[in-house]
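Here is how the chains run, residue by residue.
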Amino acid sequence: VSYFVSSDFELVGIPELENSFQTDQSELVSTLAKWAEEGHFKLVIRLHPNMANSPTKDLEVYNTLSGNKKFVEVVMPSEEIDSYALSKASDHVVTSGSTIGLEAAYLGVNTVVCGASQYSAFNIASHVSTIDELMVILKQPNETRPNASVIQAQCIDMIISLKYFNR
């Protein structure tokens, strides 16, 4: 499972986000790390590159989650990593509204968005509003990937809609 941490700049662009998920992103990531340490899955936490200039204490909150390297790995904002390759290598991509959820879905990866996103109306990813709903999805066997052509068509519809909406 890969969790892509959204930067504050990304979250500001999602006005529907307020109260759309039962907890904040920091608590959500801590819960995912706990589940990983219990052996449910291996977790990679990817901090958004825009967080490179975040206060050190904010970044350390995430870095301390990687105490058990066997199950939890944290990729800091300044570390070079191909987010698309990480997405493709993951059974699930989880995010709190980041556009990487849209991109991972386009690549055919099972994507779960915790709360609202700019693409929630396009049925591109699973959207959940509680930690329990998230765990149900992550516990399901992941033998198949979504139908990429259908998801890709929906992604293109969304992009076209946004283009005309912005005008």
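Right, let's walk through the structure included here. (Residues numbered from 1 in each chain as written. Predicted model: local features only at pLDDT ≥ 70, side-chain atom pairs only at ≥ 80, totals over all residues. Heavy atoms only, no water.)

With that settled, consider the overall build of the protein. Tallying secondary structure elements over the protein gives 7 helices and 6 strands in all. Going from the N terminus to the C terminus, the protein shows its helices and strands as β-α-α-β-α-β-α-β-α-β-β-α-α. Within the protein, the proportion of its 167 residues that are buried is 47%. Partitioning the intrachain contacts of the protein with sequence separation of at least 6 by distance along the chain shows that 65% fall at a separation of at least 24. For the protein, the accessible area works out to roughly 9000 Å², and carbon and sulfur atoms hold 51% of it. (Helix = DSSP H or I, 4+ residues; strand = E, 2+ residues; numbered from the N terminus. Buried < 20%, exposed > 50% of the residue type's maximum accessible area, 1.4 Å probe, protein only. Contact = heavy atoms within 4.5 Å. Areas by Shrake-Rupley, 256 points an atom, 1.4 Å probe, with all protein chains shown as cover.)

Glancing now at the nonpolar core. Among the nonpolar cores identified, the biggest contains 30 residues, and L32, L43, I45, L47, Y62, V94 and L134 are the most heavily contacted of them. Those elements that place two or more of their residues in this core are β1 (2–5), α2 (25–37), β2 (43–47), α3 (56–63), β3 (72–75), β5 (110–114) and α6 (131–139). Looking at this core, the element that brings in the most residues is α2, giving 6 residues. Filtering out sequence-adjacent residues up to four positions away, L47 remains in contact with V5, L59, Y62, V74, V75, M76 and P77. (Core = buried A, V, L, I, M, F, W, Y, C linked by side-chain atoms within 4.5 Å.)

Turning to the sheet that holds β3, a few remarks are in order. Here 6 strands make up an open sheet; going across it, the order is β3-β2-β1-β4-β5-β6 and the pairing parallel. Each edge of the open sheet is held by one strand with a lone partner, namely β3 and β6 (126–128). Taking each pair of neighbouring strands and ignoring which way they run, the sheet shows an average axis angle of 20°. One ladder, built from 3 bridges, connects β1 with strand β4 (residues 92–95); its direction is parallel. Within β4, the residue paired with Y3 across the bridge is V94. Strand contacts of α2: β1, β2, β3, β4 and β5, with the helix running at about 160° to β1, the strand carrying the most contacts. (Pairing = 2+ DSSP bridges. Axes fitted to C-alpha atoms, helices over the stretch in contact; angles between N-to-C directions.)

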